[in-house]
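Descriptive analysis of the structure
Each chain is listed here by its residues.
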Amino acid sequence: MNAKPTQKASKTAPQVYQYFALTLLALFCVGPILVMLATSFKTQAQTFNVGLSFFFAPTLENYRDVLQGNNFSRYLINSLIVGVVATVITLVLGTMAAYGLARFTFPARKTFAYTSLLLRTVPLAVLAVPVFMLWNATGLVNSLGGLILLYVAVNLPFTLWLLYGFVLQLPIELEESAAIDGCGPVETFFRIVVPLLRPGLAAAAIFTFRIAWNEFILALVLTDRSTRTLPVAASLFITDMGVDWGKVMALASLIALPPLIVTLLAAKQFIAGLTAGAVKS
Amino acid sequence: MRHARSTPWIFIAPAALLMAAGCLLPVLAAVRLGFFDWSMGTPWSEAKWVGISAFVDAIKDPAVWRSLWTTLKFAFVSVSIEMVLGIVLALVLERSVRGTTFFRTLFVLPMMIAPIAVGLTWRYLFDSQFGLVNAVLGAFSIAPKGWLADETLAFAAIIISDIWQWTPFVFIMVMAGLAGVDSSVVEAARIDGASTRQIITKVKLPMIAHVLAITLVMRLIDAFRVLEVIYILTFGGPGDSTEVLSLHIYKTAFIGQKLGAASAISVLLLIVVAGLSYMALRLSNPLRDPVAR
Amino acid sequence: MKRRDVLKTAGIAGILTAGQFPLIKGVFAQDRYGKYRGTTLVLSIPAHSQYDAMTKLIPEFTAETGIKVELDKLAIPRMKDKQLLEMAKPQGDYDLASYVVMWKSEYVKKNLIVELEPYFKNPALADPNYDMGDIVKGYLENLGLVGGRKGYLPGPNAKLYGLPYGAETSVLAYRKDIFEKHGLKPPTDYTEFQKLLAPIKAKEGIGALTSRGQAGHQCVHAWLLHLNPLGGEVFDENWNLTFNKQQGIDALTFLKEVVDTGPVGIPAFGQGEMNNTFLQGQAAMYLDSTLIMGIVNDTSKSKIAGKVGYALHPKGVKHASQSGGLGLCIPRNAKNKEAAFLMMQWLTSKAQDIKVVQAGGGPTRMSTINNADILKQFPDFAVLKDALKYVDPDWRPIIAEWDEINIQALGVGVSEALTGKKTPKQALDDLVPKITGIMQKGGYLKA
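Because the structure is a prediction, the values reported are computed rather than measured.

What counts as what
- Residues numbered from 1 in each chain as written.
- Chains lettered and ligands numbered in written order.
- Predicted model: local features only at pLDDT ≥ 70, side-chain atom pairs only at ≥ 80, totals over all residues.
- Heavy atoms only, no water.
- Helix = DSSP H or I, 4+ residues; strand = E, 2+ residues; numbered from the N terminus.
- Rg over C-alpha atoms; globule rule 2.2 N^0.38 Å.
- Buried < 20%, exposed > 50% of the residue type's maximum accessible area, 1.4 Å probe, protein only.
- Contact = heavy atoms within 4.5 Å.
- Areas by Shrake-Rupley, 256 points an atom, 1.4 Å probe, with all protein chains shown as cover.
- Lys, Arg positive; Asp, Glu negative; His and termini not counted.
- Charge placed at Lys NZ, Arg CZ, Asp CG, Glu CD.
- Salt bridge = Lys/Arg side-chain N within 4 Å of Asp/Glu carboxyl O.
- Buried area = accessible area lost by both parts, 1.4 Å probe.
- Nonpolar A, V, L, I, M, F, W, Y, C, P; charged D, E, K, R; others polar.
- Pairing = 2+ DSSP bridges.
- Right-handed = clockwise from strand over helix to strand, strands pointing away.
- Polar contact = N/O pair within 3.5 Å; in protein donor to acceptor, adjacent residues only side chain to side chain.
- Core = buried A, V, L, I, M, F, W, Y, C linked by side-chain atoms within 4.5 Å.

A closer look at the overall build of chain C
A tally of regular secondary structure across chain C gives 22 helices and eleven strands. Rg of the C-alpha trace for chain C: 22 Å, near the compact-globule value of 22 Å for 447 residues, within the 12% margin. Oriented by its inertia axes, the alpha-carbon framework of chain C measures out at about 65 × 55 × 40 Å. Here chain C, with 447 residues, has 62% of them falling under the buried criterion. Look at the contacts in chain C between residues 6 or more apart in sequence, and 75% of them connect residues 24 or more apart. Of the accessible surface of chain C, which amounts to about 15,900 Å², a share of 52% is contributed by carbon and sulfur atoms. Computing the positive centroid from 54 side-chain charges and the negative centroid from 46, chain C places the two 1 Å apart.

Section: the pattern of salt bridges
Think of it this way: side chains of opposite charge can pair up when their charged atoms draw near. Under the defined criterion, the tally for this structure stands at 39 salt bridges over all chains. In this structure, the salt-bridge partner of Lys422 of chain C is Asp430 of chain C, at a minimum N-O distance of 3.1 Å. Exposure remark for Asp430 of chain C: the relative accessible area of 39% places this residue in the partly exposed category. Salt bridges sharing partners connect three or more residues here, namely Glu151 of chain B together with Glu416, Lys421, Lys422 and Asp430 of chain C.

Some details on the interface of chain B and chain A
Each partner contributes to the interface: chain B provides 104 residues, whereas chain A provides 118 residues. In terms of surface lost to chain A, no three residues of chain B exceed Phe11, Arg95 and Met112 of chain B, which account for 9% of the buried area on that side. Taken together, the links from chain B to chain A amount to zero salt bridges. With 21 residues, the single largest contributor to the side of chain B that touches chain A is helix α1 (residues 7–33) of chain B. Residue composition of the side of chain B that touches chain A, grouped by class: 77 nonpolar, 16 polar and eleven charged.

Observations regarding the side chain of Arg219 of chain B
Residue and element names in this part refer to chain B. With respect to the helices, strands and loops of the structure, Arg219 is situated in helix α10 (residues 209–225). What makes Arg219 buried here is its relative accessible area of 2%. Residue contacts for Arg219: discarding those within four places in its chain leaves Val79, Glu82, Asp162, Trp166, Phe169 and Val170.

A word on the pairing of strand β2 (residues 68–74) of chain C
On a regular strand, each side chain points to the face opposite its neighbour's, so the side chains alternate between the two faces of the sheet. All names here are of chain C. Alignment of strand β1 (residues 40–46) against β2, held across seven bridges, turns out to be parallel. The partner of Val42 across the bridge, within β2, is Glu70. Viewed along the sheet, the connection from β1 through helix α4 (residues 49–65) into β2 turns out right-handed.

Some words on the interface of chain A and chain C
Each side of the interface is counted separately: chain A has 21 residues, and chain C has 27 residues. Roughly 2,000 Å² of surface becomes buried between chain A and chain C when both sides are summed, with 52% attributable to carbon and sulfur atoms. Summed over the shared surface of chain A and chain C, the result is three salt bridges. In this assembly, chain A and chain C are joined by seven residue pairs in polar contact (both at pLDDT 80 or more). Broken down by secondary-structure element, the contributors of at least two residues to the side of chain A that touches chain C are α3 (44–47), α7 (124–138), α12 (217–222) and β1 (238–239) of chain A. Element by element, the count of residues in the side of chain A that touches chain C is highest for α12 of chain A, at three residues. Classifying every residue of the side of chain A that touches chain C gives ten nonpolar, six polar and five charged.

Some remarks on the nonpolar core
Ranked by size, the top nonpolar core spans 345 residues in total, and within it Trp223, Met285 and Ile435 of chain C carry the most contacts. No other element matches the 18 residues that helix α8 (residues 144–169) of chain A contributes to this core. Contacts of Met285 of chain C, omitting those with residues within four sequence positions, involve Leu172, Ala173, Tyr174, Phe179, Phe193, Leu196, Leu197, Ile200, Ala208, Leu209, Thr210 and Phe278 of chain C.

Here it is as structure tokens:
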């Protein structure tokens, strides 16, 4: 980031305030996450005692119950398959389409571009009924494949346009010289372009995984007892007979963990991807 | 680049096919379903063609308009607050200090948490009997409130949870925009005797207007799509005070069992969102205006 | 009682006496399950104490019959979505499904579940010692019959589509310690009941009566609890709307007072939150499902073990306890219908009814409620036995459209009255156009 010479002079005093403000903000952001984690270590009696919000004798009982009961491993595997496969397919197809759109002219280019831009904004609630009907008619309902297809389709438009911005930033000369060396367009794409898109791919991966791993309303409609994902399983803890807070928070924490870890590891790429396209840098 | 005629399609076709099958086709199917009376749990062969009557009913139904109004109110209030907070925070915290990266990482965490976890956590925090929110208010001797039991407070609750999750997004976008502002321009203004406030309102904000506009539209589109957190936090209640249009569609389909009617209302939502997308395209058309370099 | 006469003429009279079929005991008892050994049944069940208790009995069922069981446990509202989705297919995943009483007419109307009489008449499947007459009659009629008077009550054309399993009625639970401290008596009628509300809140500083109140079916349930004893009904005999008559307004006004004198937050309470405020000692009274009897003394959930007394649902112009809860049915598209019937019959048998109560469930049979050992273990069943006399089978109109009326119309209006947005009268009057529309569309009223 650029150093700003005028601000260097008055550095010491306001910096304390700045740290103070940053810390306060960080607490607001992280606070509810901490409450979720803390609650997951409470017994049922403790969850009803607000005085014990952060100081209590922790128990691992909730995690033990969640991990052992109710087909947890089946749901975890489903979630992993859906999250990983949907992300990989979205990335591969999204990168290819972004490259095609950025580097080639073809007859239906505009139609394709505007349609995908519109699809980017379709609310998931709109899709629930027709997707259920179509998947039912084609036998895709209750299969992991059906869920993956849906997540790929809803994530592609965003990924495509995110990566489109990244492709435009690449110097075209590299590809031209590869072509002169006798590389076909497909070979050029995989050998030259894809490696250069790595930062954009990281951001796109986080975005796609975020949806495919977290989504539960369509997943609820489109899966059955053997294909259910973890967020769906968590939503089933909310019953008419009340919420077993300790257990459901343990499951919610387990669901939140992978995206949190990915974010902590790749925050820079994530932020770069988030702001790309909107911000000239 | 010179290329064979089929080359672009090698790159485009797979994505185009999947988007068509998994997203475009369902959207078109939703429009078509709007012309049928079809109850969940009955075979498609029993669905009755009813023409545009479901659309007419949807437009006449005050519940649809109420939920559209709730959606608009939700989008307007939450996005305004998020924009103002995000911009102010970014301006205050613009200067980079040691550890900025660390703090920024913490700020993006709420965005990554699963909606189910967000909804559950806030539902727990807002609980009238054992929620932390009432406990904190109690420390200032404010009587406990039934947060999710009062129309205004429940609406406030869904706004607060949205602000928590999405203000960081605005903050990060604005930070990135400000980082791109040429410091020599700011310096020149300062030498000309501009006050800090003038620098902000006359120099910095106009220079990032483009970023602000795109951030605003992106947030608005997302606010119109919101469903999962509200589904968990209030399920639309009390009354129908937090029933946004997405939730109304869900309830019509899966509780009212009226798949056709739900589809007709979906079309209404699609029109609203399409209008927003049009606005977004006017502000920044990635096809015409390849800015991202 | 007249109902008994109606029942005698009813089509199910035959099955009620199926116990007297001249079957040779022993032969069939062994053969019944043989054919289905190794079959796997898939059950759709709710997250509910009755079915948690049932889960504990399953190993014994598998050992005895050789039939394996897989459970799909869901929250009740999601369970309905899933069942409808599954039952609409040519072949569904579920062999045996638990359902809420409100869904029975819709399931039958959509032709999703099978009639049970043929199975009970099939000597290869039926247990000669089953004794259907022993099942609490209010429960059996309420949960099982479709097609009689009004479509959901007993009558000449009524047919049996399900068996009660997890049925319930309403009972008043109160804190003996608090009532003793202030010299109060449990209310017997609604006048006494109402007079208790404000004083308890004032004297004790906790809620008087806890209640459900969440928008949707929860708040309607709470309102119906008071509507029936106060003499109101949702529709009259000719399906004219009567819910906004004076009795309806009175019931809603009473419920609003319950909210104002109850624990904070009732308009957001589902059954779980309601139970919890009572169990955590934040309310002095509870008026709802008899299920609470099974939880009150569980110290991991309850702070009030040993402090609770029970009384009949107070009388308004009449005694009218809730009728409702869960039952078991067989989907038409089930893979293993006969084995599913066998499991249903086994679960609701005399022996297993006692075992499920001991495991934390509720009783379905008179022989269980009268069982000396059970009464020793659960002395509160004495009140339950009395309450069963007043079970009102017409407690709510279980027509196919009820879910929509319940959740999307009444569930919104009642909630608006409870939050104070509208007066009770205004809230109910405002629902007339919407419910009229639904009833016209369903063909009950002329457009």
